[in-house]
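# Commentary on secondary and tertiary structure
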Amino acid sequence: MFAQPVALPAPRAGQAVDLYESFVDWLARRGVGNTTFYGGARRILARFPELQDWARQPLSLRLAATSAERPFLNFCMFHGHLRPGYDFLLERRLTGVLRDGALSPIGPDLDRFLVGAQRVGYSLRARAGMASEVAARLLIESGKRLEAIDAEDLAAFEAAIGERETRNGRDYKHYRHALFASRSVLYHLGAPAEPVPKRSTLGRWNWERYLDGVNDSLRASMVSYLERLRATLSHSTVSGTASELAHFGRFLARSFPEITSFSELDRRSHIEPYLSVVASAVNHRTGEPIEISTRRSRIQAVGRMFEAMGEWGWEEAPRRRLIFARDSPRLPRPLPRYLPPDEDRRLVEALESSPNRLLADALLLMRASGIRIGELRDLELDCVHEVPGQGAWLKVPLGKLLTERMVPLEDDTVAIVDRIVTYRSPGRPLRHPRTGKLVEFLLTCQGRRTSAEALRAELA
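Criteria and cut-off values
Residues numbered from 1 in each chain as written. Predicted model: local features only at pLDDT ≥ 70, side-chain atom pairs only at ≥ 80, totals over all residues. Heavy atoms only, no water. 1 Å grid on protein atoms, 1.4 Å probe; cavity = no way out; pocket = protein on both sides within 12 Å on 5 of 7 lines; lining within 4 Å. Points joined across faces, edges and corners; volume = space filled by probe spheres on them. Nonpolar A, V, L, I, M, F, W, Y, C, P; charged D, E, K, R; others polar. Phe/Tyr/Trp six-rings, centres within 6.5 Å; stacked < 30°, edge-to-face > 60°. Helix = DSSP H or I, 4+ residues; strand = E, 2+ residues; numbered from the N terminus. Buried < 20%, exposed > 50% of the residue type's maximum accessible area, 1.4 Å probe, protein only. Polar contact = N/O pair within 3.5 Å; in protein donor to acceptor, adjacent residues only side chain to side chain. Contact = heavy atoms within 4.5 Å.

Below, the discussion takes up empty space enclosed by the protein. Summed over all chains, the structure comprises 1 cavity of 30 Å³ or more. Volume-wise, the largest cavity comes out at about 40 Å³. The wall of the largest cavity is formed by 13 residues, among which His188, Arg424, Ser425, Arg428 and Thr444 lie closest to the centre. A per-class count over the lining of the largest cavity returns 5 nonpolar, 5 polar and 3 charged.

A few words now on the packing of aromatic side chains. According to the stated counting rule, one finds 15 aromatic pairs in the structure shown. Ring geometry for phenylalanine 248 and tyrosine 274: centres 4.9 Å apart, planes at 70°, overall edge-to-face. Here phenylalanine 248, found in helix α13 (residues 235-255), pairs with tyrosine 274, found in helix α14 (residues 267-279); they are 26 residues apart in sequence, far enough to count as distant. By relative accessible area, which is 0% here, phenylalanine 248 ends up buried. Judged by relative accessible area, which is 2%, tyrosine 274 ranks as buried.

Mapped onto the elements of the fold, arginine 145 is located in the loop between α8 (124-142) and α9 (151-168). Owing to a relative accessible area of 19%, arginine 145 belongs among the buried residues under this scheme. Only 2.9 Å separates the side chain of arginine 145 from the side chain of aspartate 109, close enough to count as a polar contact.

Next up on the list: the environment of tyrosine 225. Structurally, tyrosine 225 is set in helix α12 (residues 216-229). Overall, tyrosine 225 belongs to the buried group, its relative accessible area being 4%. Along the primary structure tyrosine 225 and methionine 305 are separated by 80 residues, whereas in three dimensions their C-alpha atoms are 7.2 Å apart. When residues no more than four places from it in sequence are discounted, the contact partners of tyrosine 225 are Thr241, Leu245, Arg304, Met305, Ala308, Met309, Trp312 and Trp314.

Functional significance is not addressed by these values, which are geometric in nature.
This is how it looks when you write it as structure tokens:
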């Protein structure tokens, strides 16, 4: 448990003599230093008796500090006497920060961060990089203890990365990746800033944003339709429908801007031209023709909307049926079938011998229980329930079909769940991306929920 957060002291006037003597003592305790370092410290103090004034110089002048002056600047940063700005900290390579910072007020917090990163599953190299690239710089510039770093501090750090990228005309992905990972470590160590999920349905675009480019009146009808779908379908399903409908809406806006209601549509004049456009559509990223399954989805989404509007008696519903089953192209192959026994056996053997135990056991649990990948990721830590006289059951949370159910488990499957609990990374509850509630998920890795992409990669 952390002590009460205490901010490190800000620079004060009249500290020049004390700072110099403390610096000399710090060098002596480390067994380093020479007259050059002492002279560099005296030069800085002579020019900046109020040391924080040094940080108000333009970045180019701060970066021009000599090799004789940098040890004194490092000492002042590590001991809370100087906050040089994130722009300076991101341009400077703080060589030896973990070693030199150990003999300073930020040393215990750096050690705590390293232990926390190890606890959630990061390698030695990864956690050392995160501590030097992110944690040390946050501690220096914020002047806070580790557990007091909040979302505002992390946002300032991220903004500084963006400014550096703009200034130098290149990406600094390693800093962004380190910040993303460090945020999770900080959260599980008790800091108030929650980790940002890679993908979340909380705060996603509203339906109007999905339908950008669609005429106002048609967009209003589409939004009403999508809002009614929300009563029975998951957010991801409705958002997928919105994306498919947007293609049709933008086609009408480009080709028939005079159309203000779906009741004005005619099959030969409006629908058949759209079917031709879908048949010749290409992927905007690759330039290749879109998949047949995508063509089917775009056509069927419009057909389902028209059918629902007619059943509900909406005034803007088409006057007659416009889209038929034969308008959808047939898939070139049948849906996937069950795995033959020999293939299933080889798959199980490969998963049981995989070194990635958390992911492999998760897939074995998925195979044994028949749950979907989204339901697997949403399982909670207490998902196994013992029913007297009826054995163990797996509580499957709301998934794609918005249903909650119980699945009976054999003893071997319960053992798989026990192994997952052993290999998952511990920590504080995480925010559910759909409900916003704090949940202890069963599948956590490096302080975050295990991603669907990682599970698919393990299966591949």
